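# What the coordinates show
Residues per chain are reported as follows:
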Amino acid sequence: MNLDQVFLAMLTALQKASRKVYEISKRSFTIEIKEDQSPVTEADFASNQIIKNELKCFPIAWLSEEDSDSLSRLEEEYVFVVDPLDGTEDFVKRDGSYGINLALVKDHRVIIGMVACPERNLLCYARENQGTILRYGDGREERIHVSTRKDHLRAFVSKTHFDQREEETLNRHKDLIEEVIPLGACNKALELARGNGEICLRYTDKTKEWDVCAPDLIVREAGGIFVDTLGKPFVYNRKDVYNRNGYFMANCVENERIFL
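## Digging into the overall build of the protein
- Looking only at helices and strands, the protein has seven helices and 14 strands in total.
- Taking 2.2 N^0.38 as the reference for a compact globule, 260 residues should give roughly 18 Å; the C-alpha atoms of the protein span a radius of gyration of 17 Å, in line with that estimate.
- Seen through its principal axes, the protein has C-alpha atoms that stretch 50 × 40 × 40 Å.
- Burial analysis of the protein (260 residues in total) assigns 56% to the buried set.
- Across the protein, contacts joining residues at least 24 apart in sequence account for 65% of those joining residues at least 6 apart.
- Only carbon and sulfur atoms are counted for the fraction: they give 46% of the accessible area of the protein, which is about 11700 Å².

## Details of the packing of aromatic side chains
- Applying the stated criterion to the full structure yields seven aromatic pairs.
- Aromatic pair Trp-62 and Phe-80: ring centres 6.4 Å apart, planes at 70 degrees, arrangement edge-to-face. With Trp-62 in strand β3 (residues 61-64) and Phe-80 in strand β4 (residues 78-86), this residue pair connects regions lying 18 residues apart in the sequence. Neither Trp-62 nor Phe-80 differs from the other in exposure class; each is buried.
- Taken together, a centroid distance of 5.0 Å and an interplanar angle of 85 degrees make the contact between Phe-91 and Tyr-98 edge-to-face.
- Its relative accessible area of 1% is what places Tyr-98 among the buried residues.
- Through a chain of ring-to-ring contacts, three or more aromatic side chains come together here, namely Phe-226, Phe-234, Tyr-236 and Tyr-247.
- Between Arg-127 and the ring centre of Phe-7, over which it is positioned, the NZ or CZ distance is 4.9 Å.

## A word on the sheet that holds β3
- A sheet is described by the order of its strands in space; here seven strands give the open sequence β3-β4-β5-β6-β7-β8-β9, paired in mixed fashion. Across the chains shown, the open sheet's two edge strands, defined by having one partner strand only, are β3 and β9 (141-144). Across the sheet, the mean angle separating the axes of adjacent strands is 20 degrees when strand polarity is ignored.
- Bridge count for β3 against β4 is four bridges, and the pairing is parallel. Residue pairing across strands places Leu-63 opposite Val-81, the latter belonging to β4.
- In the packing of helix α1 (residues 3-25) onto the sheet, the strands contacted are β4, β5 (99-106), β6 (109-117), β7 (122-127) and β8 (132-135), and the crossing angle to β6 comes to about 25 degrees.

## Focus on the sheet that holds strand β14 (residues 247-250)
- The strand order across the open sheet formed by five strands is β11-β10-β12-β14-β13, and the pairing between neighbours is mixed. Of all the strands in the sheet, the pair left with one neighbour each is β11 (177-183) and β13 (225-227). Mean inter-strand twist for the sheet, computed between neighbouring axes without regard to direction, equals 20 degrees.
- The pairing of strand β12 (residues 199-202) with β14 spans four bridges and is antiparallel.

Criteria and cut-off values
Within each chain, residues carry numbers counting from 1 in the order of the written sequence. In keeping with the model being predicted, local features are shown solely for residues with a pLDDT of at least 70 and side-chain atom pairs are shown and tallied solely at 80 or more, while totals for entire chains, interfaces and linings include all residues. Only hydrogens and water are removed before side-chain values are computed, so all heavy atoms of the structure are retained for them. Secondary structure follows DSSP: runs of H or I at least 4 residues long count as helices, runs of E at least 2 residues long count as strands, and numbering of each begins at the N terminus. Throughout, the radius of gyration refers to the C-alpha atoms, and the reference size of a globule is 2.2 Å times the residue count to the power 0.38. Categorising residues by exposure relies on relative accessible area from a 1.4 Å probe, with only protein chains included: less than 20% of the type maximum marks a residue as buried, more than 50% marks it as exposed, and the intermediate range marks it as partly exposed. Working rule for contacts: check all heavy atoms of both residues, and any pair within 4.5 Å makes them a contact. Surface accessibility in these figures is a Shrake-Rupley result with a 1.4 Å probe; residues are shielded only by whichever protein chains are displayed. Each aromatic pair joins two rings of Phe, Tyr and Trp (for Trp, the six-membered one) with centres within 6.5 Å, and gets the label stacked for planes under 30 degrees apart, edge-to-face for over 60, and tilted for any other angle. Note on geometry: a ring has a charge over it if NZ (lysine) or CZ (arginine) is within 6 Å of the ring centre and within 35 degrees of the ring normal. For two strands to count as paired, DSSP must find a minimum of two bridges between them. Angular values range over 0 to 180 degrees, each being the angle between N-to-C directions of two axes fitted as lines to C-alpha atoms, with helices fitted over their stretch in contact.

Here it is as structure tokens:
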């Protein structure tokens, strides 16, 4: 497998999908309600199809929020893990706090992770052991790193799904927290990786592999911590795609020890 070719194709796919999602966001669009009562829009489907079309030339298994799952992927060495519109509720609200997640998993670990934030014309990518890069809309790139703060912490919370247990945990440590910042979807991981916040705690058991796979590598390659709420690293391409123990990200192990 030529991973450089795969990486470049993923980058192209994400850029094309991001442009399409942004275009749809600026006009009226169709909305459907799935069986789990969550919304899905034409932007979800359009982004998914663009990414699939760009990557179909590679003999790599596929796991996406908007496609039926084939458990034959469990027998494969490589799998693409895709959330074509991360934060659909935010997209529907037109609050700009949504994104797109695209990752490549090898032997149950993520080796390439990419997130795009169409409203801000930002794209971030990481390759295993190569750091995290932020790409601006004008093509400029910079290596990013988590902050070094161990007090005066900035905590990211979900814009739409902040729950009582998370609030109680933050309140127990309010002497350490300077600011609580609501953000949607992969924007939280991107901003933590940029050094604009230090912690994010999600106890929910409703997220799935595609919600965390790309953000996981983005944060860790920027020097941060990304684990479940039991402190365990994630493995991917699982039979059960739900993140049963939520997730937690932080800028350093000292803050992990405080909040987990």
